[in-house]
Amino acid sequence: MIRKLPLEKGNVPGAVRNLLRLLLALDDVDAVMAPLRTPGARMIMPGMVSDPERIEAIDPVSPCFPLNAAQLLSKLARKPTGAFLVACLRPCEIRAAIERAKLHQGSLEEVILVGMDCGGAFSNRDYQTFSGTVSGDPAEAFCQAIQADELRFPEGLSLASACQACTAFTPDAADIALGTFAWESGFLPVEARTEKGRRFLERLHLENAGMEVCEKRNVVVSDIRDRRIAFRDAMFEKTRAAVDSPEKLAAYFSNCVLCTNCRVACPICYCRECVFMTDVFDHEPLQYRNWSRKSGAIRLPRDVLFFHLTRLVHMSTGCVGCGQCSNACPNDIGVTELFCTIAAGSQQAFGYFSGRSIDEPPPMTVFETSEFPEVVG
Ligand code: SF4
Ligand code: SF4
Ligand code: SF4
């Protein structure tokens, strides 16, 4: 089911806000979760809106992505409330929310996932530079640059590498998907992609869309996807070459201070109690002396590679490539590049694509009697 959302003068954020207004007006919906402008804040933060008057503060297409909101959504949807919450999220946040629901970190029963085509985002630091250098509204400037196919930013700024390499930037896993890249049509196509999405979209009384609306969007999507595939493949190749021996892998993480920010920011690191936060790695003082005596000198903190490898083993089949691990890293380590490269291999090996569908069980939760004979014999 595809419907038309009116688009006035190419104002994509305004059209998205109108869709959210329509959904909030339904009697069984009582709030919208979406990126929100808040007084005094330099960043656009996730927020919850219940008053239709406050929908205007929602900034749905800004290139600001301070955190993956799937973690917050898990908290908001931890228990039933008796009414639906509309969650307007980026495609990688929707996929993370679906992965988390499969792992019983929040439920999507009372959530309507609304997604839209995603132009990408800057790192937190770069967004602040970008928003300080553009004249006028940063979201509008970004939207116009995408529409003119002129993603040129002030010197030294580029979109986060996760976004430049992201090929899953359309909201395929949403309940209601908005084709924001169809700006030339005078309408945006709104598609119900699940039964729940269909139930709600039907009630908005929008006009049916003709296929030509989607065809225009498909051309834009295909152009962007080609560029991103090229970037992603080059990134994979460079990263593989950078870590193809234990020595190189150690060098890759040589600036890691083990602050664990990358773990905290990751929406897929789902363990309520991470083993690295327990005393398992609280070695005895004498142990450090022994290591030092044996090697002559040791690097501190210890267990850096063990930390990253443990994380990879736990979550690479669920990584959604959102880039928040690099965004949170104080030392500019290419965490996303490495995790996305490994994740692509492990998800391909299991024929799994994280967050694609709520009905697909995560590979590590399924026991197969015969699997990978080349490894297990
Ligand atoms: S990783 Fe993809 S979906 Fe997520 S913000 Fe970047 S472009 Fe958008
Ligand atoms: S490992 Fe990094 S890119 Fe992958 S889901 Fe976690 S934060 Fe996102
Ligand atoms: S955020 Fe960076 S420095 Fe901190 S643990 Fe992760 S890789 Fe290491």
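Heads up: the structure comes first, above all this text.
Residues numbered from 1 in each chain as written. Chains lettered and ligands numbered in written order. Predicted model: local features only at pLDDT ≥ 70, side-chain atom pairs only at ≥ 80, totals over all residues. Heavy atoms only, no water.

Chemist: Go over the overall build of the protein, please, and point to the residues and values.
Modeler: Scanning the protein from terminus to terminus reveals 15 helices and eight strands. Computed over the C-alpha atoms, the radius of gyration of the protein is 22 Å, within 12% of the 21 Å expected from 2.2 N^0.38 for a compact globule of 377 residues. Along the first, second and third principal axes, the C-alpha set of the protein runs to 75 × 50 × 40 Å. With 377 residues in all, the protein has 48% of them scored as buried. When contacts within the protein are restricted to residue pairs at least 6 apart in sequence, long-range pairs at least 24 apart make up 74% of them. For the protein, the centre of its 40 positive side-chain charges and the centre of its 46 negative side-chain charges are spaced 4 Å apart. (Helix = DSSP H or I, 4+ residues; strand = E, 2+ residues; numbered from the N terminus. Rg over C-alpha atoms; globule rule 2.2 N^0.38 Å. Buried < 20%, exposed > 50% of the residue type's maximum accessible area, 1.4 Å probe, protein only. Contact = heavy atoms within 4.5 Å. Lys, Arg positive; Asp, Glu negative; His and termini not counted. Charge placed at Lys NZ, Arg CZ, Asp CG, Glu CD.)

Chemist: Quick one: what's the story with helix α5 (residues 138-147), residue by residue and with numbers?
Modeler: Those residues of α5 not exposed but buried are P138, A139, F142, C143, A145 and I146. Each buried residue of α5 lies within a common arc of 160 degrees when the element is viewed along its axis, so the set occupies one face. Structurally, α5 contributes buried residues whose contacts are with α1 (12-24) and α4 (124-133). (Arc of directions from axis to C-beta.)

Chemist: Explain the site of ligand 2 residue by residue, including any values.
Modeler: Close contacts around ligand 2 come from 13 residues, with C266, C319, C322, G323 and C325 the closest. Looking at the shell around ligand 2, the elements with two or more residues in it are α12 (304-315) and α13 (324-327). For the shell around ligand 2, a count of residues per class yields nine nonpolar, three polar and one charged. (Near = heavy atom within 4 Å. Nonpolar A, V, L, I, M, F, W, Y, C, P; charged D, E, K, R; others polar.)

Chemist: Account for the sheet that holds strand β3 (residues 45-49), with residues named and values stated.
Modeler: Pairing in this open sheet of eight strands is mixed, and the strands run β3-β2-β4-β5-β6-β7-β1-β8 from one edge to the other. A strand with exactly one partner marks an edge of an open sheet, and here the two such strands are β3 and β8 (207-208). The pairing of strand β2 (residues 29-36) with β3 spans five bridges and is classified as antiparallel. The residue of β3 that forms the bridge with V32 is V49. This element, α1, spans β1 (2-6), β2, β3, β4 (84-89), β5 (111-116), β6 (176-178) and β7 (187-192) of the sheet and lies at about 160 degrees to β2. Docked against the sheet, helix α3 (residues 91-102) engages β4 and β5, running at close to 150 degrees with respect to β5. (Pairing = 2+ DSSP bridges. Axes fitted to C-alpha atoms, helices over the stretch in contact; angles between N-to-C directions.)

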